[in-house]
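The chain contents come next:
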Amino acid sequence: MADVLSQGQIDALLNSMQNAEAKPAKEEKPKENYRKYDFYSPKKYTKDRLKMLRSIYDNYCRIASSQINGLFRVASEIEIVGVEEQRYYEFGNALNETDVITLARVELQDQSKNPPMLFHIAPTLMSSMMDRMLGGLGEDSTVNFAYKYTDIELALYERIIKYLVAITTDVWASYIKLNTSFERIEENPSMFQGISVDETVVIIMMTIHIGTIKDTMNICIPGILLSNIFDIIDKTKHLADKDNQTTRKESREEILDSIKESKLDVMAQLGTARMNLEDVYNLHAGDVINLNKPQDSPVYIHVAGQPWFKGQLGVNNKNIAVKLQDRVEGLKGE
């Protein structure tokens with residue numbers, strides 16, 4: 001026969017059911033989205049390298065803003081949106097067939113052969129700058145990514161982009177000596193094969209605000225070029241550190257040479273004693289002062305008032321002398 005629940009058990013069961021209904025459902029925490037890491041294509045550059053690039057192109061933004069202000073007589077703002085390491089095909093896939101990219105030749109001090117640096121400016125921005133160069137207001141925001149430049153506009157494009165390419169030489173000057181120059185304009189980015197599709201590149205993404213127009217400008221730096229630049233920077237830094245060590249050593253020797261002839265007071269301290277003023281007053285020739293030290297205890301040599309050596313008292317050529325034994329470290333006297 002099945003067990004029969006008591007009235008107390010029935011009440012407890014009903015209360016638990018009521019509490020369960022009254023208890024609100026737990027809110028599920030939104031899942032955090034993480035960027036997937038491609039272990040087949042690990043990152044090539046450390047955060048310190050990317051941080052250095054961001055610092056360099058922060059300076060680029062300031063100089064480019066001044067150039068635009070002077071050329072087009074308009075207040076502009078340029079800021080970096082991000083510095084990302086990608087594969088070149090990711091950069092290429094983001095471009096349209098009608099986009100125009102600029103190839104900038106880069107010459108390093110080691111005369112190595114390097115792929116070009118790529119510049120891409122959104123058509124909205126470039127058309128605004130062209131309009132202002134021709135005397136217009138440059139406020140047409142209807143230009144889209146499918147816009148195709150005319151031959152006259154390509155000539156103006158080339159003239160404007162040369163200013164932005166030349167700035168690169170100045171912003172890298174504090175790190176490395178390189179020379180950037182305009183090479184050519186590529187009207188069809190998909191036809192450009194100067195960089196392997198799987199090559200690692202770093203994209204400098206910037207936002208340019210000119211008047212009422214705001215859009216993006218991207219600079220693509222190939223991995224081979226960056227690797228050569230970083231190698232030269234590391235070698236230069238190593239040589240600079242080595243030169244600094246040599247300079248410090250030579251400076252130390254010069255300082256020692258200049259003070260060799262200086263005269264210093266050297267004193268041998270047999271010991272110390274504490275006496276009352278009355279005892280000092282009553283001292284006479286022939287009195288003996290107890291130094292509270294054994295007879296063969298070491299003697300301390302003081303140079304310019306500071307203890308430098310421990311020695312043994314003796315005689316040399318019928319003169320009292322001290323034989324130096326050990327160097328004193330951190331002793332302030334006894």
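Preceding this section is the structure that the text describes.
Each residue is numbered by its place in its chain's sequence as written, counting from 1. Residues qualify for local features only when their pLDDT is at least 70, as the model is predicted, and side-chain atom pairs are given and counted only at 80 or more; totals for whole chains, interfaces and linings, by contrast, use all residues. The basis for every side-chain value is the complete set of non-hydrogen atoms in the structure, without hydrogens or water.

In this text, helices come from DSSP runs of H or I with a minimum length of four residues, and strands from runs of E with a minimum of two, each type numbered from the N-terminal end. A helix is expected to span 1.5 Å for every residue after the first. The end-to-end C-alpha distance of helix α5 (residues 151-171), which contains 21 residues, comes to 31 Å, matching closely the 30 Å that a straight helix rising 1.5 Å per residue would cover. Burial here depends on accessible area, computed with a 1.4 Å probe over protein chains only, as a share of the maximum for the residue type. Under 20% is buried, over 50% is exposed, and the range in between is partly exposed. Along α5, the residues classified as buried are Glu153, Leu154, Leu156, Tyr157, Ile160, Ile161, Leu164, Val165, Ile167, Thr168 and Val171. Should any heavy atoms of two residues lie within 4.5 Å, those residues are counted as being in contact. In this structure, the buried residues of α5 make contact with α2 (47-72), β2 (101-108), β3 (117-121), α4 (123-133), β4 (178-186) and β6 (213-222).

Taking strand neighbours across the sheet as the criterion, the six strands line up as β1-β5-β6-β3-β2-β4 in an open arrangement whose pairing is antiparallel. Because the sheet does not close on itself, it has two edges, and the strands there are β1 (76-87) and β4. Each adjacent strand pair in this sheet contributes to an overall mean axis angle of 20°, direction not counted. A pair of strands counts as paired when DSSP detects no fewer than two bridges linking them. Pairing geometry for strand β5 (residues 200-210) and β6, over 10 bridges, is antiparallel. By the bridge assignment for β6, valine 201 is matched with proline 222. As a rule, the C-alpha atoms of each element are fitted with a line to give its axis, helices using only the stretch in contact, and angles between N-to-C directions run from 0 to 180 degrees. On the sheet, α4 packs against β3, β5 and β6 and is oriented at approximately 115° with respect to β6.

Counting 56 residues, the largest nonpolar core has Tyr57, Tyr60, Trp172 and Ile219 as the members making the most contacts within it. Broken down by element, the residue count for this core peaks at 10 residues, all from α2. Setting aside residues up to four positions removed in sequence, tryptophan 172 forms contacts with Leu53, Ile56, Tyr57, Leu178, Ile229 and Ile233. In plain words, nonpolar cores are sets of buried Ala, Val, Leu, Ile, Met, Phe, Trp, Tyr and Cys residues tied together by side-chain atoms within 4.5 Å. Phe91, Leu118, Phe192 and Ile203 belong to the second-largest nonpolar core, a separate cluster that totals 11 residues.

A separate point is the packing of α4 against α5. To describe two helices that pack against each other, one gives the angle between their axes and the distance between the axes. It is the contact of α4 with α5, at a shortest axis distance of 10 Å, that shows an interaxial angle of 95°. Regarding the angle of α4 to α5, the classification is roughly perpendicular. Contacts from Met126, Met129, Met130 and Met133 in α4 reach Glu153, Leu156, Tyr157 and Ile160 in α5. Here the residues of the contact of α4 with α5 sort into seven nonpolar, no polar and one charged. Put simply, angles under 35 degrees are roughly parallel, angles over 145 are roughly antiparallel, angles from 65 to 115 are roughly perpendicular, and the rest are oblique. In the scheme used here, Gly and all other residues not listed as nonpolar or charged are polar, with Ala, Val, Leu, Ile, Met, Phe, Trp, Tyr, Cys and Pro taken as nonpolar and Asp, Glu, Lys and Arg as charged.

Let's shift gears to the sheet that holds strand β8 (residues 299-303). The sheet built from four strands is open, its strands ordered β7-β8-β9-β10 with antiparallel pairing. Strands with a single pairing partner mark the edges of an open sheet, and in this sheet they are β7 (266-269) and β10 (319-327). When strand polarity is set aside, the average angle formed by the axes of neighbouring strands in this sheet is 40°. The pairing of strand β9 (residues 306-316) with β10 spans eight bridges and is antiparallel.

This part takes up the environment of glutamine 312. Within the secondary structure layout, glutamine 312 lies in strand β9. A relative accessible area of 26% means that glutamine 312 is categorised as partly exposed. With sequence-adjacent residues up to four places away left out, glutamine 312 is seen in contact with Asp296, Ser297, Ala321, Val322, Lys323 and Gln325.

Looking at where histidine 302 falls in the secondary structure, it is placed in strand β8. The buried category is assigned to histidine 302, whose relative accessible area is 7%. For the purposes of these results, a polar contact is taken to be a pair of N or O atoms within 3.5 Å, where, inside protein, one atom must be able to donate a hydrogen and its partner to accept one; residues adjacent in sequence count only when each atom of the pair is a side-chain atom. Among the polar contacts made by the side chain of histidine 302, one reaches the side chain of glutamine 269 at a distance of 2.9 Å.

Moving on: the pattern of salt bridges. Counted as salt bridges are all cases of a side-chain nitrogen of Lys or Arg within 4 Å of a carboxyl oxygen of Asp or Glu. Taken as a whole and assessed by the stated rule, the structure comprises four salt bridges. The partner of aspartate 234 in a salt bridge is arginine 49, and the shortest N-O contact between them spans 2.9 Å. Pair noted here: aspartate 234 is in helix α6 (residues 223-259) and arginine 49 is in helix α2, with a separation of 185 residues, a long-range link. By relative accessible area, aspartate 234 is classed as partly exposed at 38%. Several salt bridges share partner residues, and in doing so they unite Glu183, Arg184 and Glu186 into one network.

Moving on, we come to the packing of aromatic side chains. One pair of aromatic rings is described through two measures. These are the centre distance and the angle between the planes. Only rings of Phe, Tyr and Trp enter the pairing, Trp through its six-membered ring, and a pair is recorded when the two centres are within 6.5 Å. The plane angle decides the type: under 30 degrees is stacked, over 60 is edge-to-face, the rest tilted. According to the stated counting rule, one finds six aromatic pairs in the structure shown. Between tyrosine 45 and phenylalanine 230, the ring centres sit 5.8 Å apart and the planes meet at 65°, which makes this aromatic pair edge-to-face. Separated by 185 residues along the polypeptide, tyrosine 45 in the loop between α1 (7-22) and α2 and phenylalanine 230 in helix α6 bring together distant segments of the chain. The same class applies to tyrosine 45 as to phenylalanine 230, namely buried. Note on tyrosine 149 and tyrosine 157: the rings are 5.4 Å apart at their centroids and 70° apart in plane angle, and the pair reads as edge-to-face. Each of the two residues, tyrosine 149 as well as tyrosine 157, counts as buried. Ring pairs connect the aromatic residues Tyr147, Tyr149 and Tyr157, which therefore count as one cluster.

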